[in-house]
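Next come the chains, spelled out residue by residue.
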Amino acid sequence: PTTIYLKDYLPPAFLIEKTHLTFQLDPEKTTVTSVLQCVANPKAAPSQSLTLHGQDLKLVRLQLNNKALTAADYCVEEESLTIHAVPDAFTLTCVTEISPATNSSLEGLYKSRTMYCTQCEAEGFRKITYYLDRPDVLSEFTTTVIGDKQQFPVLLSNGNLVASEQLENGFHSATWHDPFKKPAYLFALVAGDLQVVEDNFITCSGRNVVLKIFVEPKDLDKCEHAMASLKNAMKWDEEVYGREYDLDIFMIVAVDDFNMGAMENKGLNIFNTSCVLANPKTTTDAGFARVEGVVAHEYFHNWSGNRVTCRDWFQLSLKEGFTVFRDEEFSSDMGSRTVKRVEDVNVMRTLQFAEDGGPMAHPVQPASFMEISNFYTLTIYEKGAEVVRMYHTLLGPELFRQGSDLYFERHDGEAATIEDFTAAMAEVSGRDFSQFKYWYSQAGTPVVKAEGDYCAQAKTFSLTFEQYCPDTPEAKGSDKKPYHIPVNVSLLGKAGLLPLTLDSQAQPQTEVVLELTEAQQTFVFNDVQEEPVPSLFRGFSAPVKSAYPYKKADLLRITTQDSDGFARFDAMQQLAVVAIFDVMAALRKQEEWQLEPLLLNAVKELLTNEALDPAMVALMCTLPSQAYMSGLATPIEVELIHQARNAVKAAIAEQCFDLWLAVYNRCLSTKAYAFNANDVALRSLKKVALEYLMVKPTEEVLALCVKQFNNADNMTDESAAMSALVDCTAPLAAKERVDALAQFYERWKDEALVVNLWLSVQAADSTPGALKRVEALLKHPAYDSANPNKIRSVVSVFCNQNAVNFHAIDGSGYVFLADQILVLNKQNPQIASRLLGPLTKWQKYDVNRQGLMREQLLRIQSEPALSKDVYEVVAKSL
Ligand code: HT7
Ligand code: ZN
């Protein structure tokens, strides 16, 4: 496979002004007729020939204006079609045949259960017809879909429905016209026997927009939350960004087989069922939150992605990072801002930092790629969002909004670059972002070490920061430039936040944004009346690994006194990390250990203070995950982390048993289920309480858990009880554990998304023998090896969330994963490539495991027909 470089970008030689597509649907022989109005691009070097992208297509007919082309006029290659001589303006008609029923890659046009649907981002349109399948070619699309009326009563595409016709032999057609020019990756088609839930939204300028959610008939009762989320998102985008919806109709379709979460096709979003369907009985609070966030995310793309799109795929974070920032803020406004921030930062620190420290590390704006599908990463999405958040922090909300207004206005209908976004932010603020741009061009997570020095005499507090960025595949750390880092700071005194006076500031305040730009830099606060504990990177103001030599008592002060919820959580997590490391050290030496008393006291304080937000108590009492701990030291001591974490958990469980029981009872509610911040908070604390209680359950606790499992009126409580039973290794609960799994399946076997939950709880079960159980799950009737959600629920959960079993010292977990990847490599390369993640991190483990993991990577590499997707990741990892 070849590498594509950002530096080689050239504008397209031709533009396609209008695109007319006609689909004659058939499982193995769908005919696609495209009529393209092409013109030479005045901004590009002239070209006599036209090369179109195309993949897995059967070319039936080609016509230039009125002339049928013969084999001598063009050349078909594996992934392209070149017409040797074309004029400056012409109409090209092309007929191809494709086979949706056998398309298992889930890119292009494919069949999912009984329906046909498309996925064109990033480069799937070329599997539909020959085209300039690149995001800087924007065209006005008209689409006619013809199909059997009984099989496909619903025929959808982008834009507005402009005609429908009854045809002979039970066929019918629908023609859709999208007035907004768009790149091919935003094209969509759906055909099937679907039911619809309908609503409407009146926009800020008074226009009526029809809203439709299409689902299979069995899912009609799971659309209400998505519809409410969509309307909230439409309103929020008007209020917060001044963005109004532009078509008369907005449609969402729920599809079972989908490689990612959802897709923002213009006016016709296609969703993985897991990201749109929600009902209290079948969906957890986390599921509800996901639906709310993803519905909003895709909707927000209508402006950040569709109206203003990307010039090329190196600019992917322009739309994804910005849109994630927008959806994060939306979710914060809909629920609890602090909880959302803690959750997002957990993803950053656990998963994105790991990516940034591994062999696939890449800048937010990559400089090269082989397969763009491999770059839909946490770095592009989540780190990209953090970079946008830093503009927001540096500019403040008003200037940031002016910057986004300018960006949208200036580039509406265009394909833009990250540079354009920065230019808009710079222009409205008059600020210089030349150093800030390293956030886009340099990979890796910067490390910021800080030290404080209090001078009691002068009443000054100096904060000295040092930053560096470690080596990453594309650059040595020593060659990297210092970043422009916003550091949100407060100083904590004994009785709360101290007023801050920096040399440069007249007005004292309690929080400042320091701007770190040098490799080493000192900031001095004046008039500091007592020795403070600094609260740094409040709200996680920059995506860095920060370190400050806190004493444990300092951390305790932050957990109890800081006004920033994220800082309180973070300090508590640092205390827990220290406690777990202490136990690891003792276990290593086979010594006695004692639970860190400060951590225990902090937990007790959290459990007894009823004034606290239950959601924050839940988060702060949840120990850092195995994955989080794994990111803190190399080599990763898989078993030791697992043992120490469990030991700390057991100690807290035992020493706070009565408190946990009281908390559990306090969280019980008789109210009907509602998805709102308060109720979600109570359920989250109840779940954590149950987890602790079930570490060593009494008869009474076991009965409570079983009661919750049987009587819950919602999936959050029901699945929490099931997980607590499955995670419980006490002999007392042995029967209940087995029964719960069997009963849960019996209750929910007809609900695919609930079955996924059931599969993942088992795949994550860390008790010995997991691989055997996982292999049995793959043979279970509920498993479907062609469905990405099922693959993720079993294979991905086992390999990413069951460390002790996946990393079994005999290497069996690695062989299992490689086997799965080799099968999927042929069937669905995107999913195969994503599964590689845990193997690529081999360098973080001990020498023995390194060898075993590498062996499997090499085995995969030696497969003769390796997809581009898998090849790129394996080659970069080795
Ligand atoms: N923009 C969408 C990306 C996407 C995608 C990419 C590759 C392969 C399949 C895919 N499905 C959707 C999703 C989003 O970020 O909104
Ligand atoms: Zn997106």
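Residues numbered from 1 in each chain as written. Chains lettered and ligands numbered in written order. Predicted model: local features only at pLDDT ≥ 70, side-chain atom pairs only at ≥ 80, totals over all residues.

Strands sit in the order E10-E11-E16-E13 across an open sheet of 4 strands; the sheet is antiparallel. Both edges of this open sheet fall to strand E10 (108–112) and strand E13 (154–157), since each of them pairs with a single strand only. In this sheet, neighbouring strand axes are inclined to one another by 15 degrees on average, regardless of whether the strands run parallel or antiparallel. Pairing analysis gives 2 bridges linking strand E11 (residues 115–119) to strand E16 (residues 189–192), with the strands arranged antiparallel. Each bridged residue has a counterpart across the sheet, and for Cys117 the counterpart in E16 is Val190. (Pairing = 2+ DSSP bridges. Helix = DSSP H or I, 4+ residues; strand = E, 2+ residues; numbered from the N terminus. Axes fitted to C-alpha atoms, helices over the stretch in contact; angles between N-to-C directions.)

Counting 256 residues, the largest nonpolar core has Val190, Val253, Ile270, Ala689, Cys705 and Leu725 as the members making the most contacts within it. Here this core gets 11 residues from one element, more than from any other, and that element is helix H9 (residues 565–588). Every residue in contact with Val253, bar those within four places of it in the chain, is listed here: Cys117, Leu156, Val190, Phe214, Leu268, Ile270 and Phe271. (Core = buried A, V, L, I, M, F, W, Y, C linked by C-beta atoms within 7 Å. Buried ≥ 20, exposed ≤ 12 C-beta atoms within 10 Å, placed from the backbone. Contact = placed C-beta atoms within 7 Å.)

For ligand 1, the set of nearby residues contains 15 residues, the closest of which are Glu121, Asn259, Met260, Met263 and Tyr376. For the shell around ligand 1, the secondary-structure elements that each account for two or more residues are strand E20 (262–263) and helix H2 (285–300). The residue inventory of the shell around ligand 1, partitioned by class, reads 5 nonpolar, 6 polar and 4 charged. (Near = placed C-beta within 6 Å. Nonpolar A, V, L, I, M, F, W, Y, C, P; charged D, E, K, R; others polar.)

The antiparallel open sheet is built from 3 strands, whose spatial order is E4-E8-E7. Lying at the two open borders of the sheet, with one neighbouring strand each, are strand E4 (50–53) and strand E7 (74–77). Here the average twist between neighbouring strands, direction ignored, is 15 degrees.

To continue, consider the environment of Asp285. As for its placement among the helices and strands, Asp285 is situated in helix H2. For Asp285, a count of 23 C-beta atoms within 10 Å corresponds to the buried category. Between the C-alpha atom of Asp285 and that of Met715, which follows or precedes it by 430 residues, the distance is 8.1 Å. Leaving out residues up to four positions away in the same chain, Asp285 has contacts with Phe675, Val680, Arg683 and Thr716.

As a further point, take the pairing of strand E27 (residues 485–493). Most of E27 is tucked away, with 8 of its 9 residues classed as buried. Pairing analysis gives 5 bridges linking E27 to strand E30 (residues 512–516), with the strands arranged antiparallel. From the neighbouring strand, Val489 faces E30, where its bridge partner is Val512. Sheet analysis places E27 next to strand E32 (residues 533–536), joined by 4 bridges and oriented antiparallel. Opposite Leu492, over in E32, you have Val533 as the bridge partner.

None of the figures reported here should be taken as evidence of function without further support.
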